[in-house]
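Structural features, examined
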Amino acid sequence: MPEESINIYMSLADKVSGPLSGIGTKTKAFSKELQELEQTTQAYTKIQDKLSKETVDYRPCAQSAA
């Protein structure tokens, strides 16, 4: 391989490695935030299911008291 080809390849690799590293870091941060959002959503869904069940359970009591 001619020396010019190696220099061009190294130059391209140097220009690409920085942005790719930044993309990788941002992707990891996004994945972590997405995982936290999914966990929060699951917790809210669990609470909502519990409240819905309690509403159904207490509705007859409220109607008979009225």
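Everything in this summary refers to the structure shown in the same document. (Residues numbered from 1 in each chain as written. Predicted model: local features only at pLDDT ≥ 70, side-chain atom pairs only at ≥ 80, totals over all residues. Heavy atoms only, no water.)

1. A few points about the overall build of the protein
Within the protein one finds 1 helix and 0 strands. Counting only carbon and sulfur atoms, one obtains 61% of the accessible surface of the protein, whose full area is about 6200 Å². (Helix = DSSP H or I, 4+ residues; strand = E, 2+ residues; numbered from the N terminus. Areas by Shrake-Rupley, 256 points an atom, 1.4 Å probe, with all protein chains shown as cover.)

2. Digging into the pattern of salt bridges
According to the stated counting rule, one finds 1 salt bridge in the structure shown. One salt bridge connects Asp57 with Lys53, and the closest N-O pair in it is separated by 3.0 Å. Here the residue Asp57 and the residue Lys53 both occupy positions in helix 1 (residues 3–65), the gap between them amounting to 4 residues, near one helical turn. (Salt bridge = Lys/Arg side-chain N within 4 Å of Asp/Glu carboxyl O.)

3. Focus: a nonpolar patch on the surface
On the surface, a cluster of nonpolar side chains totalling about 280 Å² of accessible area is made up of Val16, Leu20 and Ile23. Structurally, Leu20 can be placed in helix 1. Relative accessible area serves as the criterion here: at 52%, Leu20 is assigned to the exposed category. (Patch = residues over 30% accessible without salt bridge, like charges linked within 9 Å, V, L, I, M, F, W, Y side chains within 5 Å. Buried < 20%, exposed > 50% of the residue type's maximum accessible area, 1.4 Å probe, protein only.)

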